[in-house]
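# Structural characterization, general
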Amino acid sequence: MMSPLIARLLLLVCLALPLYGVEKFGSCMQGPAGNSGREGNPGANGIPGTPGIPGRDGPKGEKGECINEIFEESWRPNYKQCAWNSLNYGIDLGKVADCTFTKLRTDSALRVLFSGSLRLKCKNACCQRWYFTFNGAECAGPLPIESIIYLDQGSPELNSTINIHRTSSVEGLCEGVKAGLVDVAVWVGTCDDYPRGDASTGWNSVSRVIIEELPK
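What counts and how
- Residues numbered from 1 in each chain as written.
- Predicted model: local features only at pLDDT ≥ 70, side-chain atom pairs only at ≥ 80, totals over all residues.
- Heavy atoms only, no water.
- Helix = DSSP H or I, 4+ residues; strand = E, 2+ residues; numbered from the N terminus.
- Buried < 20%, exposed > 50% of the residue type's maximum accessible area, 1.4 Å probe, protein only.
- Contact = heavy atoms within 4.5 Å.
- Core = buried A, V, L, I, M, F, W, Y, C linked by side-chain atoms within 4.5 Å.
- Disulfide = S-S within 2.5 Å.

An unreviewed UniProt entry annotates the chain as CTHRC1 C-terminal domain-containing protein of Pagothenia borchgrevinki.

The subject of this paragraph is the overall build of the chain. A tally of regular secondary structure across the chain gives 1 helix and 11 strands. In the chain, the succession of α and β elements from N to C terminus is α-β-β-β-β-β-β-β-β-β-β-β. Looking at the 216 residues of the chain, the share that counts as buried comes to 25%. A separation threshold of at least 6 residues defines the contact pool for the chain, and within that pool the share at least 24 residues apart is 82%.

Relative to the helices and strands, Gly116 is located in strand S5 (residues 108–121). Expressed as a C-alpha distance, the spacing of Gly116 and Asn204, which sit 88 residues apart in the sequence, is 9.7 Å.

Before going further, it helps to spend a moment on the nonpolar core. One finds Phe132, Phe134, Ile145 and Ile211 to be the most contacted residues of the largest nonpolar core, which totals 24 residues. Of all elements in the fold, only strand S4 (94–103), S5, strand S6 (126–134), strand S8 (166–175), strand S9 (180–190) and strand S11 (206–215) reach the threshold of two or more residues within this core. Contact partners of Ile211, with chain neighbours within four places excluded, come to Asn78, Tyr79, Lys80, Cys99, Phe101, Leu110, Arg111, Val112 and Val184.

A complete count under the given rule lists 4 disulfides for this structure. Across a sulfur-sulfur distance of 1.9 Å, Cys127 and Cys191 are joined as a disulfide pair. Here the disulfide of Cys127 and Cys191 is left-handed, its torsion about the S-S bond being about -60°. Of the two residues, Cys127 is situated in strand S6 and Cys191 in the loop between S9 and strand S10 (198–201); the sequence distance between them amounts to 64 residues. Cys127 sits in the buried class, given a relative accessible area of 3%. The exposure class of Cys191 is buried, given its relative accessible area of 11%. With its sulfur 2.2 Å from that of its partner, Cys139 forms a disulfide with Cys174. The sign of the S-S torsion, about 105°, decides the handedness of the disulfide formed by Cys139 and Cys174: right-handed.

What follows is the structure in structure tokens.
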């Protein structure tokens, strides 16, 4: 059994504790607050949420254009040669030679070449013109295919009637000729505003016309 003296001492201590900032719980005393603890580890990921509500339809787009793919066949070489041995054509106006050609496409061009001996002779100034036609008409795409020889009046000392035959060529590219059978011809004629002379084509040598169809 507790003595009366000890009981009084305990009573005095309990009454004095609030004065020193100490709380009393039951018969035990609480000490001062400790230091804050360290941060804990991150928690595990939560459960995925439910899908959201579908969005509204967007505005209607513009009408598109339909593009057709074009598959073209590969290009095939198409050419022809016509040749004459010693043509010896002495006309001054008219058709010299022709060569028939089958053109496969309308959207292609024709390359033509005439190679042969040409001569012009005159006592006064003269000019002759050698040119191509296609089905009777000169090329218009873009311009005629031609070659000319011009002789001046000369002088007696230089012998203006000299007779020289030279291998020459008439060559060019013509567009706008339709597909099908094409009559390609070489003609001789006069130059504008100049008198004609004595012309000769294909003397004592081989003359040839070469025709080739080319893609544009």
